[in-house]
Amino acid sequence: MLRLFARLILRPLKSEPARALLTAFAVALGVAVVLAIDLAGEAAAGSFRSSVETLTGDADLEITAVGGIPEAVYGQLATLPVALRLKVRLEDYATLSGGGPDKGAVVPLIGIDVVADALELGITSEAGPVPDKDSVWVSEGLGLKAGDSIALQIQDQPGTYRVGGVFKQKGKIIVADIGLAQRLVRRPGRLDRILVWVPPARTVDEWQQQLQQQMPAGVTVALQGARTQENRRMLEAFRWNLRVLSYIALVVGAFLIYNTISVSVVRRRSEIGILRALGATRGAILAAFLGEAAVFGVVGGAVGLLLGRVMAEGAVQLLGATVESLYVSSRPAAIEINAVSALLAFTIGISISVLSAWSPAREAAGVPPTEAMARGRSDYLARVHQRRDLLLAVVLAVLAFVASQQPPVAGKPFGGYAAALLLIGAGAMAIPAMVDGINRLSSRLLLRLGGVEAMLASRSLSASLRRTSVLVGALATAIAMMVSVGIMVGSFRQTVLIWMDNQLKADIYLRPAGTASADRFPTFDAALPDRIAALPEVRAVDRFRAYPISYNGLPATLAGGETQVVELGGGAQFMSGDRASIMRRLPTCRCVIISEPFANKHHLTTGDSVTLPFGRFEIIGVYYDYANERGYIIMDRRTLLKYLPDPAPSNLAVWVKPGVDLDQAKLAVERAAQGSNVAVFANRSLRVEAIKIFDRTFAITYALEAVAIIVAVMGIAGALLALVIDRKRELGLLRFLGATTGQVRKLILCEAGLLGLLANVAGFLLGLALSLILVFVINKQSFGWTIQFHWPVAVLTGALSLVYVATLLAGLYPAHIATRLNPIEVVHEE
Amino acid sequence: MDTILIRFERVSKDYLADGEPVHALRELSLDVAPGQFVALMGRSGCGKSTLLNMAGAMDLPSSGRVLLDGQDTLHLDDAGLTKLRREKVGFVFQSFQLLANLTVAENVELPLLLAGGASARERAREALGWVELDGYEARLPHQLSGGQMQRVAIARAVVHAPKLLLADEPIGNLDTATGDLILKLLRRIVTERGTTILMATHSPESVVVCDQIVRLRDGRIEAVETRDAR
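Residues numbered from 1 in each chain as written. Chains lettered and ligands numbered in written order. Predicted model: local features only at pLDDT ≥ 70, side-chain atom pairs only at ≥ 80, totals over all residues.

*Asks:* How do you make sense of the overall build of chain B when you look at a structure like this?
*Replies:* What chain B contains, in helices and strands, is 6 helices and 10 strands. A globule of 230 residues ought to have a C-alpha radius of gyration of about 17 Å, and chain B, at 17 Å, matches this closely. Viewed in the frame of its principal axes, chain B has a C-alpha envelope of about 50 × 45 × 40 Å. Split into buried and exposed, the 230 residues of chain B put 49% on the buried side. Pairs at least 24 apart in sequence give 69% of the contacts found in chain B among residues at least 6 apart. (Helix = DSSP H or I, 4+ residues; strand = E, 2+ residues; numbered from the N terminus. Rg over C-alpha atoms; globule rule 2.2 N^0.38 Å. Buried ≥ 20, exposed ≤ 12 C-beta atoms within 10 Å, placed from the backbone. Contact = placed C-beta atoms within 7 Å.)

This is how it looks when you write it as C-alpha cells:
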C-alpha cells in the first residue's frame, strides 16, 4: 500500500514541485489565518484579566458600585462579626506622558493599601519595609528603577511622580497607595472594588447572598471574575464573527485541494486502470488519493502553525485596537500558542484537505480496469452535470433564504452563517452553467476583441469546464467575501457618517487627552466647564458624564447629558416616536433613553424599563448609536447627579455664539483649559478622528480578505500551470501552425484574464447576496446595529481591479513556461 | 521560378538523449524542387522526422544549413522562423492533431487567424470544399471518422496556400482504403496546386503517389529514387 502511494502519488508530486508547493502553501495560509485569529483573539480578550487580575489575586467575591463604593462600606464590612479578609482597590488609567517609545500609552493605575498589600505584591521601598505613600510603584515592564521619576497624565492633569520601587509583574502597570490614587483620580472617599475572601463555613454563593443583603442600594456583591466573564461574553460575538471570517481562506483552499486532486485523478486515469487490472482494490485507490490530500494537509498544516504564530503578532495589534475602540480597555497580552488551538488548526487543515478530496478520490476509485487503455482527459471534461447542478443551486439558494430568516441562537447568528455557507454552495453549483453560458455567448465576440488567442482561451476554459468552474469558484468565493465585507463596511461607514451629521451638532468637543477607549471615562476638573461657559464666545456647554456599568451580566455605559443644551442642535435620531417630545420629557421624568445596540442586546424597547442599582427607569426612546458596541443608557444630567453626585464631566460639547469665528472660539477654549491636559476638537476634526478609528477597526477584516484573495490567486497560478502542462501538445501544435511565442503567452494570459473576469462577475453577484446577509442578518443579530445599505463604488471598483490584475499576474509564470515548451517534443510525445 | 524550394547543405543534427549523444542527421545534403512529392523512408530513428522539422523551420541544424525558398533558417530569429512557417509551410501529422474544442471550420481557419489574415472563414470553407468536406464546418473533431479528421488536417495545412507541405506518417493511423484516399488527396495537392510535399512514411504502398523516394539510414541518405507518379 505504501509503495502504491509512493509510486502513484508522491513521485508525480515530486515531478511538479512548484504546483505541489503552491497547493500546500494555500492550505498553510488557511491554517495560519485560523490559528492567528484564534491566538490574537485570545490575547486581546485575555488582556483585561492579565495585569489587573494578577494584582487582584484569587478572591471569592468582589464588591462594586456604579460611580464607586463609599469607603464607609469597607468600614461596615470590617466590623462584621465574621472573619472576612478584605482588600480595597481603585482602578483607573494613566497616560505615560514622558518621552520614549511608550509616550502616549495608556496603562492601568491601581490604588491599593500599600501597607497591607506591599509584601504580597513584592513592593518594597528604598527606605525600608514600609513604603512611601507619596510614590508610585511600577511593574518591571516599564523599565524604570526606584528613585526614577515618571511623567503621567491622570484624568486631565499632568504631573511627575517619584518611582518608589519596582515590582515583578508582566506588562505595564502603575500602583499607588489608595489615598494618593483617590486624590489623583478625583474620587475621594470612593473605592472601585472591595475583594472579599470568605471563611469556609458556608458556600461562596451563600456568602454572596448574605453580604448583598447588608449592602446599601447601588452596591453589588458578585463572584470574583464576574467582570472578566462579562467582558468575555461581550466580546464573544465579535470573536465569533472574526473566527468565521478567518475560515473563508480555508474554504478557498478547499476548492484548490479539490482541483489539485481532480487533476491528479484525471492525469493518472490510465495508471489507475492499470493498477486496478493488476489487482489494486477500490479502497486502495481511494486511500491513495485521500492520502495525497492528507499530505497537503499535513505539510500545509505544519507550515501553517509556524506562519500562524507569526501572523498572530500582527493580528493582535489590529484586534487590540478594535477591542479598545468598541468594547473595553485592552492591552494585548503575550501571544501564547496552546496545544488545543494548534491541534485544532492542524486538524482542521487536514480534515478540510481530505474532505475536499473525497469526491475526486471516489471518482478515482470508480475507474474500471478497462480504462487501462483509455485516454483520460476527455472524461474529466465531460463530467459536469450542468442542469442538475443548476437545480441544486436553486435549492441551496432557497435554503439560504430560509436560514437567513431564523432568529439568533444563544445570541449567535447561526442562521446567517448557514445562509452564507449555503449561498457559497449555491454559487459553486451555478458557476459551471454560468461559465459555459458566458463562454458560448462571447466566443465570437472575444475573437473580434482579443484576437484568436482570446477565442482559443475561451474555448479551452469551456472545454475544461469542471476545472475552470472550480477555479472560478475558488476565486469567486474570495472575491464574494471581499465584496460583501466591502459593502457591509462601506454601508456601515456611510451610516456612521450620516449618524455623525445628526449627532455631532456642537462646534467644539473636549475630552481629557490620551487614547480613547469604550470603557474609560477620565474626567475634567469640575470647574473647567464653568470657565468655558463663561467665555464670551460660548453660547452653551453640555456636560456629559459616563460610567462603565454592568447590566444583566454584560458591560454597558450609563451616562448623563444636558438635554436642553443638546436640543440646541437637534441631536439623536430615534427608532420610533417623536424626538422633540422624547427630549422634552427626559429632564422631567424618572426615565432614560437607550441606544439601539443596548436595546437589541437586552431585548428592550420603548415602554419597558431598565433596572439600575439605584432604581427602575422607564425607557422613553431607543436612539440610533454607533459610538461603541457596549450600548448606552442615557438620562438627563440632573437625574444622574441625584444618584451619582460627582459633578466632574468626562466629555464637553461646546456651542459657539452665532457669528463668532470658530478658530478664535477654539483658541479661547484651549486657553481656558490651560493647566489641564485636554484634547480639543473642532466638530470637523472630531469626525475625522472618529472615521479614522472606524477604519482602524475594520483593518483586520481587510487583512483577512487579502489572505483569502492571495490563496485564491495562488490557486489560479498553480492551476494554470497544470493547465499548461496538460495542454502542452495543443500549445506545441499552435507553434507548428504558425503561432509566435508571444501569441502562446497571450493565450495563457487571456485564460488568466478570463478566469479573473468570470470570477469577478460570479464573485460580485455572490458577494452582493452575501452582503445582504451580513448587513441585515449577521451584523444585526451579532451587534444590534441598523445599517443602511450603501454601495461603496470606488472601493469595490478599486478592489475588483486589483484582484483582476493579480489574476493576470498569476498567469505570467505559467505563460512563461508555455513559451518555453519545445513544440517538437510535446507534439511527438503524443 | 526557383528550381530549388528546399535545400539541405551538409546538415547534421546532434542532441543529447538521457545524457547520451544522438546523431540524428549526419552531413546530409538534399535538394527538393518545387511541385515535387518526396517520400522519406527508413526505419524508426533514421532521421525522417528530424529532417521534416528542419524543413518546416521548427528545428535548426547543429551544422550545415537549410534554405527554405532561399532563406537560410539559421539566419532567422524566432519571429522570422514563425513568419516563414506561417507563409510557406503546412503540417500534417499521423495523429491528425486537431484541437478537440474547436469546430472543423475553426480548426481549419486557425493558421489564418494566427497570422492575422482576412476572410479566414471563407478561405477555410474553400479548403474544406477542396477536401470534399462541405457541410462539416460546425462539427467537432470527435464527431468525425479518422479519414475525415485527416482531411480536415490537410485542409488546415493548405488553407494558407503554403509552398511546402510536410506530412509525418499521414496514413499511419488509417486503414488501407482510407489511407489510399488520403494519398490520392495529397497527390492532387501537388498536381493541382503545385505544392511541394515532403512525406515521412514507413509504408511502401505510399510511394506510388511520389515523384522521388529518399531512403534514409542512420541519419544519412542511403539512396534516392526518382519515379513518374503523374
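*Asks:* I tried to follow the overall build of chain A on my own but got confused; where do I start?
*Replies:* The secondary structure content of chain A amounts to 28 helices and 20 strands. Within chain A, contacts between residues separated by at least 24 positions form 84% of all contacts whose residues are at least 6 apart in sequence.

*Asks:* Explain the domain arrangement of chain A here, please?
*Replies:* Accessible area lost during the coming together of the parts is what is often quoted as the interface size. Residues and elements named next belong to chain A. According to the domain assignment, chain A contains domain 1 (9-58 + 252-276 + 289-316 + 329-372), domain 2 (59-223), domain 3 (383-505 + 683-830) and domain 4 (514-676). Here domain 2 and domain 4 have C-alpha centroids that lie 28 Å from each other. Class assignment for the residues of the side of domain 2 that touches domain 4 results in 5 nonpolar, 8 polar and 2 charged. (Domains from an automatic or database assignment. Nonpolar A, V, L, I, M, F, W, Y, C, P; charged D, E, K, R; others polar.)

*Asks:* Which parts of the structure should I look at to understand helix α1 (residues 48-55) of chain B?
*Replies:* What sets the pattern is the α-helix's 3.6 residues per turn: residues three or four places apart point alike. All names here are of chain B. Among the 8 residues of α1, 7 are classified as buried, and the element is accordingly described as predominantly covered. Inspection of α1 places Lys48, Thr50, Leu51, Leu52, Asn53, Met54 and Ala55 among the buried residues, and these make up the whole buried set. Downstream of α1 by a residue or two, alanine 57 has a phi angle that is positive, lying close to 60 degrees.

*Asks:* Can you help me understand the interface of chain B and chain A in this one?
*Replies:* Listed per partner, the contact involves 21 residues of chain B and 20 residues of chain A. Top element by residues in the side of chain B that touches chain A is helix α2 (residues 78-88) of chain B. It accounts for 5 residues. Its residues assigned to classes, the side of chain B that touches chain A shows 11 nonpolar, 6 polar and 4 charged.

*Asks:* Can you walk me through the confidence of the model for chain A in this structure?
*Replies:* When pLDDT is low, close inspection of the predicted coordinates is not appropriate. Per-chain confidence: chain A averages 84 in pLDDT, with 93% of residues scoring 70 or above. Note that pLDDT drops below 50 for residues 375-383 of chain A; the model gives that stretch 13 contacts with residues more than four away or on any other chain. (pLDDT = per-residue confidence, 0-100.)

*Asks:* Just to check I follow, could you spell out the pairing of strand β3 (residues 37-41) of chain B for this structure?
*Replies:* A regular strand places its side chains on the two faces of the sheet in alternate fashion. Residues and elements named next belong to chain B. With 5 of its 5 residues buried, β3 lies for the most part within the structure. Of the strand pairs in this sheet, β3 and strand β8 (residues 196-201) are connected by 5 bridges, and their pairing is parallel. Bridge assignment links alanine 39 to a residue of β8, and that residue is methionine 199. (Pairing = 2+ DSSP bridges.)

*Asks:* Just to check I follow, could you spell out the sheet that holds β8 of chain B for this structure?
*Replies:* Strand pairing in a sheet is mediated by backbone hydrogen bonds. Such pairs are either parallel or antiparallel. Residues and elements named next belong to chain B. Ordered in space as β6-β7-β8-β3-β9-β10, the 6 strands form an open sheet in which the pairing is mixed. Taken across any chain shown, the strands that pair with only one partner, and hence form the sheet edges, are β6 (89-92) and β10 (220-226). Looking at each pair of strands side by side, their axes are set apart by 20 degrees on average, direction ignored. Docked against the sheet, helix α5 (residues 146-158) engages β6 and β7 (164-168), running at close to 170 degrees with respect to β6. (Axes fitted to C-alpha atoms, helices over the stretch in contact; angles between N-to-C directions.)

*Asks:* What should I look at first to understand helix α10 (residues 282-326) of chain A in this one?
*Replies:* For α10 of chain A, spanning 45 residues, the distance from its first C-alpha to its last is only 55 Å, which falls clearly below the expected 66 Å at 1.5 Å a residue. In the structure, α10 of chain A departs most strongly from a straight axis at alanine 312 of chain A, where the bend amounts to approximately 30 degrees. (Expected span 1.5 Å × (residues − 1). Bend = angle between axes of the 7 residues up to and from the residue.)

*Asks:* Quick question: what am I supposed to make of the nonpolar core here?
*Replies:* All names here are of chain A. Val252, Leu475, Ala478, Ala708 and Ile716 are the most contacted members of the largest nonpolar core, which has 242 residues in total. When residues of this core are sorted by domain, at least three fall in each of domain 1 (9-58 + 252-276 + 289-316 + 329-372) and domain 3 (383-505 + 683-830). Apart from the residues within four sequence positions on either side, valine 252 is in contact with Ala474, Thr477, Ala478, Ala708, Val711 and Ala712. Ile508, Phe544, Ile582 and Ile593 belong to the second largest nonpolar core, which has 50 residues in total. (Core = buried A, V, L, I, M, F, W, Y, C linked by C-beta atoms within 7 Å.)

*Asks:* Just checking my understanding: could you explain the sheet that holds strand β1 (residues 6-17) of chain B for this structure?
*Replies:* Residue and element names in this part refer to chain B. The sheet built from 4 strands is open, its strands ordered β2-β1-β4-β5 with antiparallel pairing. Strands with a single pairing partner mark the edges of an open sheet, and in this sheet they are β2 (20-32) and β5 (71-72). When strand β4 (residues 63-68) meets β5, the two strands line up antiparallel, connected through 2 bridges. Within the sheet, the bridge partner assigned to leucine 67 lies in β5 and is aspartate 72. Relative to the sheet, α1 contacts β1, β2 and β4, its axis offset from that of β1 by approximately 120 degrees.

*Asks:* Mind showing me how you'd approach the environment of arginine 139 of chain B here?
*Replies:* Residues and elements named next belong to chain B. Position of arginine 139 among the secondary structure elements: in the loop between α4 (120-130) and α5. When the C-alpha atoms of arginine 139 and leucine 102 are compared, they prove to be 8.7 Å apart, with 37 residues separating the residues in sequence. Residues in contact with arginine 139, not counting those within four places in the same chain, are Thr103, Val104 and Leu144.

*Asks:* Could you clarify how one ought to interpret the packing of helix α8 (residues 248-267) of chain A against helix α23 (residues 699-726) of chain A in this entry?
*Replies:* When two helices pack together, their arrangement is given by the angle between their axes and by how far apart the axes lie. Residues and elements named next belong to chain A. Where α8 contacts α23, the axes come no closer than 8 Å and their chain directions differ by 10 degrees. Between α8 and α23, the crossing angle belongs to the class labelled roughly parallel. Each of Ile248, Ala249, Val252, Gly253, Phe255, Leu256, Asn259 and Val263 in α8 lies in contact with α23, whose residues at this interface are Val707, Ala708, Val711, Ala712, Gly715, Ala719 and Ala722. Within the contact of α8 with α23, the residues separate by chemical class into 12 nonpolar, 3 polar and no charged. (Parallel < 35°, antiparallel > 145°, perpendicular 65-115°, else oblique.)

*Asks:* I'm lost on the environment of alanine 527 of chain A in this one. Help?
*Replies:* In this structure, alanine 527 of chain A sits in the loop between β12 (508-512) and α16 (528-533). Distance in space between the C-alpha atoms of alanine 527 of chain A and proline 647 of chain A is 9.3 Å, their sequence separation being 120 residues.

*Asks:* Whenever I open this one, the packing of helix α3 (residues 104-114) of chain B against α4 of chain B confuses me. Can you help?
*Replies:* All names here are of chain B. Put simply, α3 and α4 touch, their axes get as near as 8 Å, and they point 120 degrees apart. Taken together, the axes of α3 and α4 lie oblique to each other. Regarding α3 and α4, the two cross each other, and that crossing is right-handed. Contacts between α3 and α4 involve Val104, Ala105, Val108, Glu109, Leu112 and Leu113 from the first element and Ala120, Arg121, Arg123, Ala124, Arg125, Ala127 and Leu128 from the second. Residue composition of the contact of α3 with α4, by class: 9 nonpolar, no polar and 4 charged. (Left-handed = near helix turned anticlockwise from the far one by under 90°.)

*Asks:* So what exactly am I meant to see when it comes to the environment of glycine 90 of chain B here?
*Replies:* All names here are of chain B. Assignment of secondary structure puts glycine 90 in strand β6. Judged by the 29 C-beta atoms lying within 10 Å of it, glycine 90 falls in the buried class. Spatially, the C-alpha atoms of glycine 90 and glycine 56 are 8.0 Å apart, while their sequence positions differ by 34 residues. Residues within four places of glycine 90 in sequence aside, it is in contact with Ala157, Val158, Pro162 and Leu165.

*Asks:* Mind showing me how you'd approach the pairing of β1 of chain B here?
*Replies:* All names here are of chain B. Across 5 bridges, β1 lies against β4 in antiparallel orientation. Note on β4: the bridge partner recorded for glutamate 9 is arginine 65. Where β1 and β2 come together, 9 bridges link them in antiparallel fashion. The residue of β2 that forms the bridge with alanine 17 is glutamate 20.

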